[in-house]
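Summary of the model geometry
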Amino acid sequence: MSSLRAVPEKVDPVPPVKEAAPSSPARPAVAREQRVSAAVQRWRKREELDARIQAAKALGKELRARSWETPPTPHQREAEEHRASVGRTLLQLGVWISGALWLLVRIAADVLRRRDSIQSRGQHLRRLIERAGGTWIKLGQQMAIRVDLLPYPVAQELEKMLDAAPPIPFSEVRQLVERSLQRPIAEVFSELGAEPVGSGSVACVYRGVLRGGEEVAVKVRRPGVGSLFAADMRALGWILGLAELWFVPPGYSRQLLHELSTMLYEELDFVREARYTELFQDRMDKLGQRFVRSPRVYGDLSNHEVLVTEFVSGVWLKDLISTAERKDESGLASLATLGIVPRKVARRLLKIARLCAQEGLFFHADLHPANVMVQPDSRLVLIDFGSCGAFTARERRVWREIADAQANEDVGRMVSAVLALLEPLPAVDVEEFSRKLESIFWQDLYANKSRTSRWWERTSANLWIGFFKLAQEYRVPMNLNTLRMIRSTMLSDSLAARLEPRIDHYREYRRYEVQLGRRMRQRLNRKLDSLSEDRSFIRYEQVYDAAVAGFYRLQRFLDSSTYRFAVTERTFSFAVSQALRAGSWLLLGALAVRVGAAVVAVVRRGERAGEAFTTEVLSGHAWSQLLLSPLFLGAVLVAVAVTLRGISFRLSDKDREAGSRTAL
């Protein structure tokens, strides 16, 4: 039985159906249409651009017709120049001569009555200055700082001067303010008091209310005070020039006159004062210090002659000190309900002085009780930034060293830091000067630690007074910023001690030092975290180029030093160069290991770059572990062996070189 199998029929594959391609005449038509459309779009864009250019041209003509001519470069910063005529200078010279004669007559009368003393001379000088007013008041206030020139009792008497002067007529005030604003007063102020809340030799302060309802203080400079200061400074220069012929060392009066005129003209520059006031607030906000602030400045309403700031209210520091010293229980209780505590205010005054000196752009050089306002919760408001000082980076480091040595009771280090602050020193016996200065600092330390010391013995005033007397004895000059900083320190310490007699200045600085270290750590961490930013690679390239150049110069030095030193001390110089080379490679290798450990910590363990860099590279513990590890000690032994081997080869070549020189 056979089986039959069906054989499938072969079916030809059906070819895919192709879409009908457009006819050849249709293709050029589509392409032509696309080109025409693109050309039309380009034409429309060009037309639109031309239309906008024409519109900009027309607008430019319109704006040009309504604008004023402005230079293509930025305006130069405005700087006032105060000048005085010869006639006015001669008039002020007569005032100076008559004042000097009056003072000499008073002193002569005291001598005849046997009542003459440094204190009485200071009192006569203060009365003379208060009677003369004007420039004399400001000069007296500035000379009160110069404890390096005047006896301390005289400077202390000048501190008591009252800067009071008749108010400016309100008609002149109105003219000055309107000239400053370039518009009527009524457009800016809804109210401007005719009676000043303060009247001094330089300016008067008025209370006002802006159209927006803000209460402001309007400080108006006295008309003609700049030319008066210039005439007095010129007359004083003539007097000091004559004094140099016999009484004063040549060239001494020029520096003194420059410093006095600088301080006086700073008091006249309200633009500078406004800038200092604003920058102080910015820096305190940046440091996170909410307990102190400065008044808000209205810059668009201020210039060289008029300064408009926030009108601050509260308890004046001088009134708080009076209440604390009188131990007025009811007054202190009322203050406590507002959160105003004398001890807390005292600690904050000390902190402000440290902050400004070590972390600020500048420091307030006149922390007078009349320049500090106390608000609820013991918050402080500083006003009158007319007198400020600033430090260089080197001076800031020296002052930080002085404060740290003082807080840690290291008198020797404190003396060294003060000597660095006075550099360059004149031709004096430095050792003798240092011994006397050290004795003064020890006495201050003993007084601060004693439980029986009075409040004025626990301040830095006695320390700096003794220092000034010593500087006068040895004729050691000091720059203006140093004097300003010392005066600011003395004021803050004295005010704090008057508020809280038992306050420990050393302990307060150590407390501040902890906070300073915390902020410095945060700043360092931010800098380390920024190492991976793109802009940091600019510095990396600079460091790389400097490192390559440095290694090249080091290699040249090490290579050439052998030849140079071999002329005189061949063996010793070669040994030194080989040791330096080996030590350099060892240190570079160790640094590479620590950096590699930091990279591993970031990549594998996921640590932050700043923390890894601090832990692995900047940590003394990590370096001690590396330097004491068997691997590093083995590398040191290998380096020593290689260096000794090289030296031995050099020694073996000595006779051969000598023989070659003999043959030559």
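About the cut-offs
Residues numbered from 1 in each chain as written. Predicted model: local features only at pLDDT ≥ 70, side-chain atom pairs only at ≥ 80, totals over all residues. Heavy atoms only, no water. Helix = DSSP H or I, 4+ residues; strand = E, 2+ residues; numbered from the N terminus. Buried < 20%, exposed > 50% of the residue type's maximum accessible area, 1.4 Å probe, protein only. Contact = heavy atoms within 4.5 Å. Areas by Shrake-Rupley, 256 points an atom, 1.4 Å probe, with all protein chains shown as cover. Phe/Tyr/Trp six-rings, centres within 6.5 Å; stacked < 30°, edge-to-face > 60°. Pairing = 2+ DSSP bridges. pLDDT = per-residue confidence, 0-100. Expected span 1.5 Å × (residues − 1). Axes fitted to C-alpha atoms, helices over the stretch in contact; angles between N-to-C directions. Parallel < 35°, antiparallel > 145°, perpendicular 65-115°, else oblique. Nonpolar A, V, L, I, M, F, W, Y, C, P; charged D, E, K, R; others polar. Core = buried A, V, L, I, M, F, W, Y, C linked by side-chain atoms within 4.5 Å. Salt bridge = Lys/Arg side-chain N within 4 Å of Asp/Glu carboxyl O.

1. Regarding the overall build of the chain
- Helix and strand counts for the chain come out as 23 helices and 11 strands.
- By residue count, 38% of the 664 residues in the chain fall in the buried class.
- Put simply, of all contacts in the chain between residues at least 6 apart along the chain, 67% involve residues at least 24 apart.
- Accessible surface for the chain amounts to roughly 40500 Å². Of this, 58% is attributable to carbon and sulfur atoms.

2. Some words on the packing of aromatic side chains
- Per the counting criterion, the structure on display carries 11 aromatic pairs.
- Plain terms: the ring middles of F391 and W399 are 6.1 Å apart, the flat faces sit at 25° to each other, and that makes the pair stacked. Of the two residues, F391 and W399, neither departs from the other in class, the shared state being buried.
- Ring geometry for W399 against W464: centres 5.8 Å apart, planes inclined by 55°, an arrangement best described as tilted. Of the two residues, W399 sits in helix α13 (residues 393–407) while W464 sits in helix α16 (residues 461–474), which places them 65 residues apart along the sequence. Accessibility assignment for this pair places W399 and W464 in one class, buried.
- A connected cluster of aromatic rings, assembled from ring pairs, spans F363, F391, W399, W464, F467 and F468.

3. A word on the pairing of strand β6 (residues 306–310)
- Where burial is concerned, most of β6 is hidden: four out of the five residues are buried.
- Judged from the five bridges that link them, strand β4 (residues 215–221) and β6 form a sheet pairing that is antiparallel. Of the residues in β6, the one forming a bridge with K219 is L307.

4. Points about the confidence of the model for the chain
- For the chain, the mean per-residue pLDDT works out to 79, and 86% of the residues sit at or above 70.
- Mean pLDDT in the chain bottoms out at helix α23 (residues 654–663), which sits at 42, and peaks at strand β10 (residues 379–382), which reaches 94.
- The low-confidence segment residues 562–568, where pLDDT is below 50, has nine contacts with residues more than four positions distant or belonging to other chains.

5. Focus: the environment of N462
- Relative to the helices and strands, N462 resides in helix α16.
- The partly exposed category is assigned to N462, whose relative accessible area is 35%.
- With 21 residues separating them along the chain, N462 and F441 place their C-alpha atoms 9.4 Å apart.
- Non-local contacts of N462, meaning those with residues more than four positions away in its chain, are made with W456 and E457.

6. Notes on helix α7 (residues 225–243)
- Taking 1.5 Å per residue, 19 residues should reach 27 Å; α7 reaches 27 Å between its end C-alpha atoms and fits that length.
- Within α7 the residues assigned to the buried category are V225, G226, L228, F229, A230, A231, D232, M233, A235, L236, L240 and A243.

7. Remarks on unusual backbone geometry
- Positive phi, close to 60°, is recorded for R114, a residue that is not glycine.
- Here R114 is to be found in the loop between α2 (86–112) and α3 (118–132).
- The exposure class assigned to R114 is exposed, which follows from its relative accessible area of 80%.
- A positive phi angle, close to 55°, is found at R475, a residue other than glycine.

8. Some details on the packing of helix α10 (residues 317–326) against helix α17 (residues 480–499)
- Contact geometry for α10 and α17: axes closest at 8 Å, N-to-C directions at 40°. Classified by the angle their axes make, α10 and α17 are oblique. Taken together, the residues of α17 that come into contact with α10 (itself represented by L317, L320, I321, A324 and E325) are L495, R498 and L499.
- Tallied by class, the residues present in the contact of α10 with α17 amount to six nonpolar, no polar and two charged.

9. Regarding the pairing of β4
- In terms of burial, β4 is a largely internal element, six of the seven residues being buried.
- Pairing of strand β3 (residues 203–210) with β4, which is carried by seven bridges, proceeds in the antiparallel orientation. Each bridged residue has a counterpart across the sheet, and for R207 the counterpart in β4 is A217.
- Hairpin connection, β3 to β4: the antiparallel pair is bridged by four residues, and G213 has positive phi, about 100°.

10. Comments concerning the sheet that holds strand β5 (residues 292–293)
- Read across the sheet, four strands follow the order β5-β10-β9-β7 without closing on themselves; strand pairing throughout is mixed. Two strands bound the open sheet, and with one partner strand each, they are β5 and β7 (315–316).
- As paired elements, β7 and strand β9 (residues 372–375) share two bridges and run antiparallel to each other. Bridge pairing in β9 links W316 to M373.
- Where helix α12 (residues 342–359) meets the sheet, its contacts fall on β5, β9 and β10, and the angle it forms with β10 comes to roughly 45°.

11. Comments concerning the nonpolar core
- Counting 73 residues, the largest nonpolar core has L317, F467 and L499 as the members making the most contacts within it.
- Not counting residues up to four positions away in its chain, the partners in contact with L499 are L317, L320, I321, A324, P342, V345, A346 and L349.

12. Things to note about the pattern of salt bridges
- Scanning the entire structure with this criterion turns up 24 salt bridges.
- A salt bridge links R347 to E508, with the nearest nitrogen and oxygen atoms 3.4 Å apart. A residue pair is termed long-range when its members are at least 10 positions apart, and R347 in helix α12 and E508 in helix α18 (residues 505–529) qualify at 161 residues.
- Classification of R347 as partly exposed rests on a relative accessible area of 31%.
- Note on E508: relative accessible area 10%, which makes it buried.
- Two residues, D404 and R413, come together in a salt bridge whose shortest N-O distance is 2.9 Å.
- Connected through salt bridges with shared partners, the residues E401, D404, D410 and R413 form a single ionic network.

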